[in-house]
Amino acid sequence: MIKNYNYLIVGSGLFGATFAYKAKQSGKSCLVIDKRPHLGGNVFCEQIEGINVHKYGAHIFHTSNKEVWNFVNSLVPFNRYTNCPVANYHGELYNLPFNMNTFCQMWQDVKTPADAMAKIHEQRTEAAAKIGGLEPRNLEEQALLLVGRDIYTKLIKEYTEKQWGRDCKELPAFIIRRLPLRFVFDNNYFNDLYQGIPIGGYNALINKLMEGVETKTNCDFFQKYKDSWREIADQLVYTGPIDEYFNFQLGRLDWRTVTFKTRIENTPNYQGNAVINYTSHEVPYTRIIEHKHFETFGQAVYENPKTVISEEFSTEYKPGMEQFYPVNDERNNALADQYRALAANEQNVIFGGRLAEYRYYDMAPIIEKVLNLELQ
């Protein structure tokens, strides 16, 4: 057969879409396939009641890389959304990330940075004494050493246990290497210079990235092209699960997944914020996303009399579900290294992205990584 394409790209998420854009700009031919019925991977947005609903969970673009920021804005303009999540613990509301607003909400006698530092130092000292100055043996001990008893109990412990499905004493300490504390009144979650959401939603960005590129949806690589891709393309760009590519020959990697209960509410403003985390076990979901607030601000929120919310539930992955988060324990890290070694020896195959590398990525680093690739 005559090869039709320079690249067969498996997966139309940000890695695959950005690669397709770069290849097209370089005069290369591509075919992008995706097993889902839509393009865009996990950044895909579904229109409900005139609102762009983040179908696979909240995605907030943030970066300090001016080149990446200028690149995405050259395709579609971004708005000025600033991520300022709130935590709800048994009805008590706390600003995130941990900052002076959080500390003043947590402790009535804390009014100044010095007050907050003293309170946290006192609780850190208490935690260190309990383990006798030894290295922390689990996530709970590590978190207590970093932020103390009160913040850990109300804002970390039960939320983390819901996320991972395990008691914090059973989770390795290295999962929480640092917990930033800000002794200023600043609710902006990210430290990056730039952040926002594409105006019109992420579909607008994906459509621009793949403008003029041939695509096929509802197309499963393993059913159609796994054994024959070399007959139609010079190189493969693979963004699916790395263990699946190698037919799980070394064993299956573990993942956490997220399920969503999305519904329309007959109110223009359900919770007053895009993201509210629920940090106690009494609420089964980890957070509620109100999608309208990613793109609508101020009084404009009330122009649409309805809103759409999604409750997020963290669960163990089972085959057939979507893989969301790598489980970075010793077993999975060692197994992932073995699969990466196999991948390094695959001829004319580029493995890229969260699933193919078994690494958690924010969006901007994925785009940066593709922009820095040298095409052959």
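Scroll up to find the structure.
Model, not experiment: these values are computed from the prediction.

*Asks:* I'd like to hear about the pairing of strand E13 (residues 287–290), residue by residue, with values.
*Replies:* By the alternation rule, side chains of E13 split into Arg-287 and Ile-289 and Ile-288 and Glu-290, which are all buried. Judged from the four bridges that link them, E13 and strand E14 (residues 307–316) form a sheet pairing that is antiparallel. In the strand pairing of E14, Ile-288 is matched with Glu-311.

*Asks:* Let's hear about unusual backbone geometry: which residues, and what values?
*Replies:* A cis geometry characterises the amide bond from Leu-96 onward to Pro-97, with omega recorded as -5°. Structurally, the position occupied by Pro-97 is in the loop between strand E7 (92–95) and helix H3 (100–106). Unusually for a residue other than glycine, Glu-49 sits at a positive phi of about 55°. Within the fold, Glu-49 resides in the loop between strand E3 (45–48) and strand E4 (51–54).

*Asks:* So what about the nonpolar core? Which residues, and what values?
*Replies:* Counting 56 residues, the largest nonpolar core has Leu-8, Phe-98, Phe-103, Ile-151 and Phe-221 as the members making the most contacts within it. Beyond its immediate stretch of four places on either side in the chain, Phe-103 contacts Phe-98, Val-110, Ala-116, Ile-120, Ile-151, Leu-181, Arg-182 and Phe-183. The next biggest cluster of nonpolar side chains, apart from the first, holds 44 residues, and it includes Ala-23, Ile-60, Leu-205 and Val-213.

*Asks:* Before we move on, can you summarise the side chain of Asn-138 with the specific residues and values?
*Replies:* Its location among the elements puts Asn-138 in the loop between helix H4 (113–130) and helix H5 (139–147). A relative accessible area of 10% means that Asn-138 is categorised as buried. Among the polar contacts made by the side chain of Asn-138, one reaches the main-chain amide nitrogen of Glu-141 at a distance of 2.9 Å. Apart from residues no more than four positions distant in its own chain, Asn-138 is found in contact with Cys-168, Lys-169, Leu-171, Pro-172 and Ala-173.

*Asks:* Help me get a handle on the sheet that holds strand E10 (residues 233–238), residues and values and all.
*Replies:* Overall, parallel pairing links the five strands, which are arranged E9-E2-E1-E10-E16 in an open sheet. Here the strands that pair on one side only, and so sit at the sheet edges, are strand E9 (214–216) and strand E16 (349–351). Going across the sheet, the axis of each strand differs from the next one's by a mean of 20°, ignoring polarity. Relative to E16, E10 is paired through three bridges, and the arrangement is parallel. Following the sheet pairing, Leu-236 is matched in E16 by Val-349. Contacts between helix H1 (residues 14–25) and the sheet are confined to strand E1 (5–10), strand E2 (30–33), E10 and E16, with E1 contributing the most and set at about 165° to the helix.

*Asks:* I'd like a description of H4, backed by residues and values.
*Replies:* Relative to the 26 Å expected for 18 residues at 1.5 Å per residue, H4 spans 26 Å between its end C-alpha atoms, a close match to the ideal helical length. By the burial criterion, the buried members of H4 are Ala-116, Lys-119, Ile-120, Gln-123 and Ala-127. Looking straight down H4, one finds its buried side chains confined to an arc of 90°; they lie on one side. Counted as exposed and oriented over 90 degrees from the buried face of H4: Ala-114, His-121 and Ala-129. After H4 finishes, the residue Gly-132 shows a positive phi value of roughly 65°.

Conventions adopted
Residues numbered from 1 in each chain as written. Predicted model: local features only at pLDDT ≥ 70, side-chain atom pairs only at ≥ 80, totals over all residues. Heavy atoms only, no water. Buried < 20%, exposed > 50% of the residue type's maximum accessible area, 1.4 Å probe, protein only. Helix = DSSP H or I, 4+ residues; strand = E, 2+ residues; numbered from the N terminus. Pairing = 2+ DSSP bridges. Core = buried A, V, L, I, M, F, W, Y, C linked by side-chain atoms within 4.5 Å. Contact = heavy atoms within 4.5 Å. Polar contact = N/O pair within 3.5 Å; in protein donor to acceptor, adjacent residues only side chain to side chain. Axes fitted to C-alpha atoms, helices over the stretch in contact; angles between N-to-C directions. Expected span 1.5 Å × (residues − 1). Arc of directions from axis to C-beta.

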